[in-house]
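# Structural overview for review
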Amino acid sequence: DTGVSQDPRHKITKRGQNVTFRCDPISEHNRLYWYRQTLGQGPEFLTYFQNEAQLEKSRLLSDRFSAERPKGSFSTLEIQRTEQGDSAMYLCASIRLINGYTFGSGTRLTVV
Amino acid sequence: TQLLEQSPQFLSIQEGENLTVYCNSSSVFSSLQWYRQEPGEGPVLLVTVVTGGEVKKLKRLTFQFGDARKDSSLHITAAQPGDTGLYLCAGGSDSSYKLIFGSGTRLLVRP
(Lines give C-alpha, C1' and ligand atoms only; values in the text may rest on other atoms or scores of the structure.)
Protein backbone atom coordinates (compact mmCIF):
# COMPACT_ATOMS: atom_id res chain seq x y z
CA ASP A 1 0.00 0.00 0.00
CA THR A 2 1.88 3.03 -1.28
CA GLY A 3 -0.89 5.49 -0.47
CA VAL A 4 -2.52 8.11 -2.68
CA SER A 5 -0.05 10.31 -4.55
CA GLN A 6 -0.76 13.78 -5.86
CA ASP A 7 1.38 15.87 -8.14
CA PRO A 8 2.40 18.63 -7.97
CA ARG A 9 2.28 19.47 -4.25
CA HIS A 10 2.28 23.18 -4.97
CA LYS A 11 1.36 25.20 -8.05
CA ILE A 12 1.52 28.95 -8.53
CA THR A 13 -0.06 30.19 -11.71
CA LYS A 14 -1.10 33.47 -13.24
CA ARG A 15 -4.77 34.25 -13.63
CA GLY A 16 -6.08 33.01 -16.95
CA GLN A 17 -3.62 30.13 -17.29
CA ASN A 18 -4.64 26.47 -17.41
CA VAL A 19 -3.43 24.00 -14.80
CA THR A 20 -3.61 20.22 -14.51
CA PHE A 21 -3.22 18.10 -11.40
CA ARG A 22 -2.64 14.37 -11.22
CA CYS A 23 -3.75 11.80 -8.67
CA ASP A 24 -2.54 8.20 -8.41
CA PRO A 25 -4.88 6.25 -6.13
CA ILE A 26 -4.19 3.05 -4.22
CA SER A 27 -4.11 0.42 -6.93
CA GLU A 28 -6.92 -1.85 -5.70
CA HIS A 29 -9.29 1.07 -4.96
CA ASN A 30 -11.92 1.42 -7.65
CA ARG A 31 -13.44 4.70 -6.48
CA LEU A 32 -11.60 8.01 -6.71
CA TYR A 33 -12.80 11.36 -5.36
CA TRP A 34 -11.75 14.98 -5.78
CA TYR A 35 -12.36 17.56 -3.08
CA ARG A 36 -11.44 21.22 -2.74
CA GLN A 37 -10.50 22.82 0.58
CA THR A 38 -10.20 26.55 1.13
CA LEU A 39 -8.51 28.11 4.12
CA GLY A 40 -10.38 27.58 7.36
CA GLN A 41 -12.95 25.26 5.83
CA GLY A 42 -13.50 21.54 5.51
CA PRO A 43 -13.12 19.83 2.15
CA GLU A 44 -15.97 20.19 -0.38
CA PHE A 45 -16.89 17.42 -2.81
CA LEU A 46 -16.14 18.08 -6.48
CA THR A 47 -16.53 14.81 -8.36
CA TYR A 48 -15.97 11.06 -8.20
CA PHE A 49 -15.19 8.11 -10.44
CA GLN A 50 -15.93 4.45 -10.23
CA ASN A 51 -13.27 2.87 -12.37
CA GLU A 52 -13.16 5.10 -15.48
CA ALA A 53 -16.76 6.35 -15.24
CA GLN A 54 -17.38 9.81 -13.79
CA LEU A 55 -20.56 9.24 -11.79
CA GLU A 56 -21.26 12.59 -10.14
CA LYS A 57 -20.17 16.20 -10.39
CA SER A 58 -20.82 18.93 -7.87
CA ARG A 59 -22.31 22.29 -8.84
CA LEU A 60 -18.96 23.66 -7.64
CA LEU A 61 -17.41 22.13 -10.75
CA SER A 62 -17.96 24.87 -13.30
CA ASP A 63 -17.43 24.37 -17.02
CA ARG A 64 -13.82 25.52 -16.53
CA PHE A 65 -13.14 22.33 -14.57
CA SER A 66 -12.78 18.90 -16.12
CA ALA A 67 -11.71 15.62 -14.61
CA GLU A 68 -10.77 12.35 -16.25
CA ARG A 69 -9.75 8.89 -15.17
CA PRO A 70 -8.61 7.06 -18.28
CA LYS A 71 -8.38 3.28 -17.89
CA GLY A 72 -9.64 3.55 -14.33
CA SER A 73 -6.21 4.18 -12.88
CA PHE A 74 -4.78 7.67 -12.28
CA SER A 75 -6.97 10.75 -12.57
CA THR A 76 -6.38 14.30 -13.73
CA LEU A 77 -8.18 17.49 -12.78
CA GLU A 78 -7.81 20.42 -15.18
CA ILE A 79 -8.79 23.99 -14.51
CA GLN A 80 -8.98 26.27 -17.53
CA ARG A 81 -8.68 30.06 -17.41
CA THR A 82 -7.86 30.06 -13.70
CA GLU A 83 -9.34 32.73 -11.45
CA GLN A 84 -8.16 33.93 -8.03
CA GLY A 85 -11.16 32.21 -6.47
CA ASP A 86 -9.74 28.87 -7.62
CA SER A 87 -6.92 29.20 -5.08
CA ALA A 88 -7.34 26.26 -2.71
CA MET A 89 -6.02 22.86 -1.73
CA TYR A 90 -7.21 20.19 -4.16
CA LEU A 91 -7.46 16.81 -2.47
CA CYS A 92 -7.76 13.40 -4.06
CA ALA A 93 -8.95 10.32 -2.18
CA SER A 94 -9.65 6.71 -3.01
CA ILE A 95 -11.68 3.99 -1.31
CA ARG A 96 -12.34 0.29 -1.71
CA LEU A 97 -14.67 -0.21 1.21
CA ILE A 98 -17.27 2.02 2.86
CA ASN A 99 -15.16 2.51 5.94
CA GLY A 100 -13.19 5.57 5.04
CA TYR A 101 -11.09 7.41 2.56
CA THR A 102 -7.37 7.49 2.03
CA PHE A 103 -6.49 11.04 1.05
CA GLY A 104 -3.44 12.22 -0.78
CA SER A 105 -1.36 15.12 0.51
CA GLY A 106 -3.12 17.50 -1.85
CA THR A 107 -2.09 20.07 -4.43
CA ARG A 108 -2.06 23.64 -3.17
CA LEU A 109 -2.98 26.01 -5.98
CA THR A 110 -2.25 29.72 -5.77
CA VAL A 111 -3.58 31.94 -8.55
CA VAL A 112 -1.87 35.33 -8.72
CA THR B 1 -28.77 20.78 1.75
CA GLN B 2 -26.96 18.69 4.32
CA LEU B 3 -24.70 20.58 6.70
CA LEU B 4 -22.43 19.55 9.54
CA GLU B 5 -21.62 22.11 12.19
CA GLN B 6 -18.60 21.62 14.38
CA SER B 7 -17.93 23.29 17.70
CA PRO B 8 -15.83 24.78 18.98
CA GLN B 9 -14.01 26.17 15.94
CA PHE B 10 -10.82 26.64 17.93
CA LEU B 11 -9.60 25.15 21.18
CA SER B 12 -6.38 25.92 23.04
CA ILE B 13 -5.71 23.78 26.11
CA GLN B 14 -2.90 22.76 28.41
CA GLU B 15 -1.29 19.34 28.13
CA GLY B 16 -3.13 16.83 30.32
CA GLU B 17 -6.55 18.44 30.04
CA ASN B 18 -9.61 16.71 28.59
CA LEU B 19 -11.70 18.08 25.73
CA THR B 20 -14.76 17.31 23.66
CA VAL B 21 -15.49 18.34 20.08
CA TYR B 22 -19.04 18.28 18.75
CA CYS B 23 -20.43 17.66 15.29
CA ASN B 24 -24.14 18.38 14.73
CA SER B 25 -26.58 18.23 11.87
CA SER B 26 -30.31 18.30 11.21
CA SER B 27 -29.80 15.51 8.68
CA VAL B 28 -29.44 11.79 9.22
CA PHE B 29 -26.21 10.20 8.04
CA SER B 30 -25.58 6.54 7.33
CA SER B 31 -22.01 6.89 8.56
CA LEU B 32 -19.92 9.47 10.35
CA GLN B 33 -16.18 9.71 10.09
CA TRP B 34 -13.58 11.69 11.99
CA TYR B 35 -10.34 12.83 10.42
CA ARG B 36 -7.29 14.68 11.65
CA GLN B 37 -5.40 16.99 9.32
CA GLU B 38 -1.93 18.48 9.72
CA PRO B 39 -0.99 21.73 7.94
CA GLY B 40 -0.20 21.14 4.27
CA GLU B 41 -1.35 17.53 4.35
CA GLY B 42 -4.51 15.61 3.52
CA PRO B 43 -6.93 14.44 6.22
CA VAL B 44 -6.14 11.11 7.91
CA LEU B 45 -9.01 8.86 8.94
CA LEU B 46 -9.34 8.27 12.69
CA VAL B 47 -12.60 6.33 12.92
CA THR B 48 -15.87 5.46 11.18
CA VAL B 49 -19.13 4.99 13.11
CA VAL B 50 -22.23 3.60 11.43
CA THR B 51 -24.68 2.55 14.15
CA GLY B 52 -26.79 4.99 16.17
CA GLY B 53 -25.49 5.10 19.75
CA GLU B 54 -22.19 3.50 18.77
CA VAL B 55 -19.13 4.30 20.87
CA LYS B 56 -15.60 3.60 19.67
CA LYS B 57 -12.38 4.07 21.58
CA LEU B 58 -8.97 4.63 20.06
CA LYS B 59 -6.43 4.89 22.90
CA ARG B 60 -7.21 8.28 24.51
CA LEU B 61 -9.86 9.18 21.91
CA THR B 62 -13.52 8.27 22.35
CA PHE B 63 -15.99 8.71 19.50
CA GLN B 64 -19.76 8.59 19.83
CA PHE B 65 -22.48 8.54 17.19
CA GLY B 66 -25.83 9.94 18.32
CA ASP B 67 -28.82 7.62 18.62
CA ALA B 68 -30.59 9.41 15.75
CA ARG B 69 -27.39 9.41 13.62
CA LYS B 70 -27.47 13.19 13.33
CA ASP B 71 -24.63 14.10 15.65
CA SER B 72 -21.30 12.88 16.94
CA SER B 73 -18.67 13.78 19.48
CA LEU B 74 -14.97 13.26 19.92
CA HIS B 75 -13.54 13.21 23.43
CA ILE B 76 -9.82 13.32 24.08
CA THR B 77 -8.52 12.37 27.52
CA ALA B 78 -5.25 13.79 28.84
CA ALA B 79 -4.42 15.69 25.66
CA GLN B 80 -0.83 15.75 24.47
CA PRO B 81 0.98 18.23 22.20
CA GLY B 82 0.98 15.54 19.50
CA ASP B 83 -2.81 15.79 19.39
CA THR B 84 -2.52 19.29 17.93
CA GLY B 85 -4.21 19.56 14.54
CA LEU B 86 -7.44 20.16 12.66
CA TYR B 87 -10.20 17.68 13.51
CA LEU B 88 -12.85 17.18 10.86
CA CYS B 89 -16.09 15.27 11.03
CA ALA B 90 -17.64 14.03 7.81
CA GLY B 91 -20.98 12.40 7.09
CA GLY B 92 -21.89 9.98 4.35
CA SER B 93 -25.46 9.31 3.33
CA ASP B 94 -25.80 7.59 -0.01
CA SER B 95 -24.30 4.97 -2.24
CA SER B 96 -21.89 7.47 -3.75
CA TYR B 97 -20.00 7.52 -0.44
CA LYS B 98 -19.26 11.18 -1.01
CA LEU B 99 -18.75 13.03 2.25
CA ILE B 100 -20.13 16.23 3.72
CA PHE B 101 -17.43 17.76 5.92
CA GLY B 102 -17.76 20.05 8.88
CA SER B 103 -15.60 23.18 8.93
CA GLY B 104 -13.29 21.65 11.50
CA THR B 105 -12.03 22.23 15.02
CA ARG B 106 -8.49 23.50 15.30
CA LEU B 107 -6.91 22.09 18.46
CA LEU B 108 -3.74 23.43 20.06
CA VAL B 109 -2.31 21.54 23.01
CA ARG B 110 0.30 23.59 24.85
CA PRO B 111 3.15 21.77 26.63
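Numbering of residues starts from 1 in every chain and runs along the sequence as written. Both sets of labels track the order of writing: A upward for chains, 1 upward for ligands. Two thresholds apply to this predicted model, a pLDDT of at least 70 for residue-level local features and 80 or more for giving and counting side-chain atom pairs, whereas whole-chain, interface and lining totals are computed over all residues. Values reported for side chains reflect all heavy atoms of the structure, with hydrogen atoms and water molecules removed beforehand.

### What about the overall build of chain B?
Each helix is a run of DSSP H or I of at least 4 residues and each strand a run of E of at least 2, with the numbering of both proceeding from the N terminus. When its secondary structure is counted, chain B shows zero helices and 11 strands. For chain B, the sequential pattern of α-helices and β-strands runs β-β-β-β-β-β-β-β-β-β-β. Here the globule rule is a power law, 2.2 Å times the number of residues to the power 0.38, and the radius of gyration is based on C-alpha atoms. Here chain B has a C-alpha radius of gyration of 13 Å; the compact-globule value for 111 residues is 13 Å, and the two agree. Along the first, second and third principal axes, the C-alpha atoms of chain B reach 40 × 30 × 20 Å. Among the 111 residues that make up chain B, the fraction classed as buried is 45%. Any two residues whose heavy atoms approach within 4.5 Å at even a single point are treated as in contact. At a minimum sequence separation of 6, the contacts of chain B that also span at least 24 residues come to 55%. Total accessible area on chain B is roughly 5200 Å²; 51% of this is exposed by carbon and sulfur atoms. Charge convention: Lys and Arg are scored as positive, Asp and Glu as negative, and His as well as the terminal groups of each chain are ignored. To locate a charge, take atom NZ for lysine, CZ for arginine, CG for aspartate or CD for glutamate. Here chain B contributes 10 positive and 10 negative side-chain charges, whose respective centroids are spaced 2 Å apart. Exposed residues in this analysis have more than 50% of their type's maximum accessible area, buried residues have under 20%, and partly exposed residues fall in between, with area computed by a 1.4 Å probe over protein chains only. Residue burial considers only the protein chains on display, and all accessible areas are found by Shrake-Rupley using a 1.4 Å probe.

### Topic: the interface of chain A and chain B
Taken together, the contacts link 22 residues of chain A with 19 residues of chain B. The salt bridge definition used is simple: a Lys or Arg side-chain nitrogen within 4 Å of an Asp or Glu carboxyl oxygen. At the junction of chain A with chain B, the criterion picks out two salt bridges. K98 of chain B is the partner of E56 of chain A in a salt bridge, and the nearest nitrogen-oxygen pair spans 2.8 Å. Polar contact is defined as a pair of N or O atoms within 3.5 Å, subject to the rule that within protein one atom must be able to donate a hydrogen and the other to accept it, and that residues adjacent in sequence are counted only when both atoms are side-chain atoms. If you look at where chain A meets chain B, you find 11 residue pairs in polar contact (both at pLDDT 80 or more). Those elements that provide at least two residues to the side of chain A that touches chain B are β4 (31-37), β5 (44-50) and β9 (88-95) of chain A.

### Things to note about the side chain of S96 of chain B
Residue position: S96 of chain B is located in the loop between β9 (85-92) and β10 (99-101). The contacts of S96 of chain B, once residues within four sequence positions are left out, are R31, Y33, Y48 and E56 of chain A.

### Observations concerning the sheet that holds strand β3 (residues 19-24) of chain A
All names here are of chain A. If you trace the four strands from one edge of the open sheet to the other, you get β1-β3-β8-β7, paired in antiparallel fashion. Two strands lie at the open edges of the sheet, namely β1 (5-7) and β7 (65-68), each paired on one side alone. Here the average twist between neighbouring strands, direction ignored, is 15°. Should DSSP find at least two bridges between two strands, the strands are regarded as paired. Across four bridges, the pairing between β7 and strand β8 (residues 75-79) is antiparallel. Bridge pairing in β8 places S66 opposite E78. Comment: axis = line fitted to C-alpha atoms, over the contacting stretch for helices; angle = value between 0 and 180 degrees taken between N-to-C directions.

### Overview of the sheet that holds strand β8 (residues 71-76) of chain B
Residues and elements named next belong to chain B. Strand order in this open sheet of five strands is β1-β3-β8-β7-β6, and the pairing throughout is antiparallel. Only two strands of the sheet have a single neighbouring strand rather than two, namely β1 (5-7) and β6 (55-58). Strand after strand, the sheet turns through a mean of 15° between neighbouring axes, direction not considered. Summarising the sheet, strand β7 (residues 61-65) and β8 pair through five bridges and their orientation is antiparallel.

So, to be careful, I would describe these as geometric facts and stop short of saying anything about function.
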